[in-house]
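Working through the structure, step by step
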Amino acid sequence: MLHNSLGRPDEALAAALPAAESDADLGVVTWCSLVELIIAAARLGRLDLAGRALARLRAMTQAAGTDWALGLESHCQALVDTDAEPHFRAAVERLAGTPIRGELARTRLHYGEWLRRQNRRTDARRQLRAAYEMFGEMGMTAFAVRAARELGTTGETVRKRGDGNAADLTPQEAQIVRLVRAGLSNVEIATRLFISPRTVEWHLSKTFAKLGITSRRQLRR
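Residues numbered from 1 in each chain as written. Predicted model: local features only at pLDDT ≥ 70, side-chain atom pairs only at ≥ 80, totals over all residues. Heavy atoms only, no water.

1. Some points on the side chain of Arg146
Mapped onto the elements, Arg146 comes out in helix H9 (residues 141–153). A polar contact of 2.8 Å, which involves the side chain of Arg146, links it to the backbone oxygen of Asn4. Not counting residues within four places of it along the chain, the set of residues in contact with Arg146 comprises Asn4, Ser5, Arg43, Leu109, His110 and Glu113. (Helix = DSSP H or I, 4+ residues; strand = E, 2+ residues; numbered from the N terminus. Polar contact = N/O pair within 3.5 Å; in protein donor to acceptor, adjacent residues only side chain to side chain. Contact = heavy atoms within 4.5 Å.)

What follows is the structure, encoded as structure tokens:
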């Protein structure tokens, strides 16, 4: 999920495959791994792999029969089907009736991304705006930043959530901001702070969400 949230489908696929393809009964682990595998494979154009994973997922979701299960199935079906919209709508309707808000927000994000690719900018903004607000409220900052970026591509100026400013940053976030403003790369910052480049990227995604921005260029300004 982390890799998918940060737009790294190759790494997401590699992380999801072992659990998703296991013959062991791993319960919800298998469900979640299949979903992440389908999302990553669809983004990579690996529709054959996504389709096989969807068939396995469908066997479980149909047996469960809950709104959450069937909503997940419709969401994943939308990612591999050329006629995606009916499945996205069904997924939103199903998931809206459950307390699993993160899955509903992700469905709206993917629906909005699909609408944008269809050049339906007004419809895309509606879904992406809802996803952005939901992710922000839940503290899912990497997804919130991604939704904000997608909104920006539709021509909408993203409204900063709350009254966030530099005073809201943690000491490490503030230190990373200063190093970014000094022109250091993520790798250079990681070396200086004795953390990994991915940790730097994670802190930056949280910082972007707090400050209501979407790029390093805005951070420098």
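Alright, that's what it looks like, and here's the rest.
2. Structural notes on the packing of H9 against helix H12 (residues 197–211)
Relative orientation of the contacting elements H9 and H12 amounts to 60°, with a least axis distance of 8 Å. Judged by the angle between their axes, H9 and H12 are oblique. Our pair here, H9 against H12, has a crossing hand that is left-handed. Contact residues: Thr141, Ala142, Val145 and Arg149 in H9; Trp202, Ser205, Lys206, Phe208 and Ala209 in H12. (Axes fitted to C-alpha atoms, helices over the stretch in contact; angles between N-to-C directions. Parallel < 35°, antiparallel > 145°, perpendicular 65-115°, else oblique. Left-handed = near helix turned anticlockwise from the far one by under 90°.)

3. What to know about the nonpolar core
One finds Phe88, Leu109, Tyr111, Trp114, Tyr132 and Phe135 to be the most contacted residues of the largest nonpolar core, which totals 23 residues. Within the residue set of this core, elements represented by two or more residues are helix H6 (85–96), helix H7 (101–117), helix H8 (121–138) and H9. Contacts of Tyr111, omitting those with residues within four sequence positions, involve Glu85, Phe88, Arg89, Val92 and Gln127. Within the second largest apolar cluster, 21 residues are counted, among which are Ala12, Leu13, Leu37 and Val80. (Core = buried A, V, L, I, M, F, W, Y, C linked by side-chain atoms within 4.5 Å. Buried < 20%, exposed > 50% of the residue type's maximum accessible area, 1.4 Å probe, protein only.)

4. Notes on unusual backbone geometry
At Asn119, a residue that is not glycine, the phi angle is positive and equals roughly 65°. Although it is not a glycine, Phe194 adopts a positive phi angle of roughly 60°. Relative to the assigned elements, Phe194 resides in the loop between helix H11 (186–193) and H12. Residue classification places Phe194 among the exposed residues on the basis of a relative accessible area of 76%.

5. So, the packing of aromatic side chains
On inspection of all chains with the given rule, the structure shows four aromatic pairs. Seen from their ring centres, Phe88 and Tyr111 are 5.0 Å apart, and the 15° between their planes marks the pair as stacked. Taken together, the residues span a long stretch of sequence, with Phe88 in helix H6 and Tyr111 in helix H7 at a distance of 23 residues. Here Phe88 matches Tyr111 in class, with each residue buried. (Phe/Tyr/Trp six-rings, centres within 6.5 Å; stacked < 30°, edge-to-face > 60°.)

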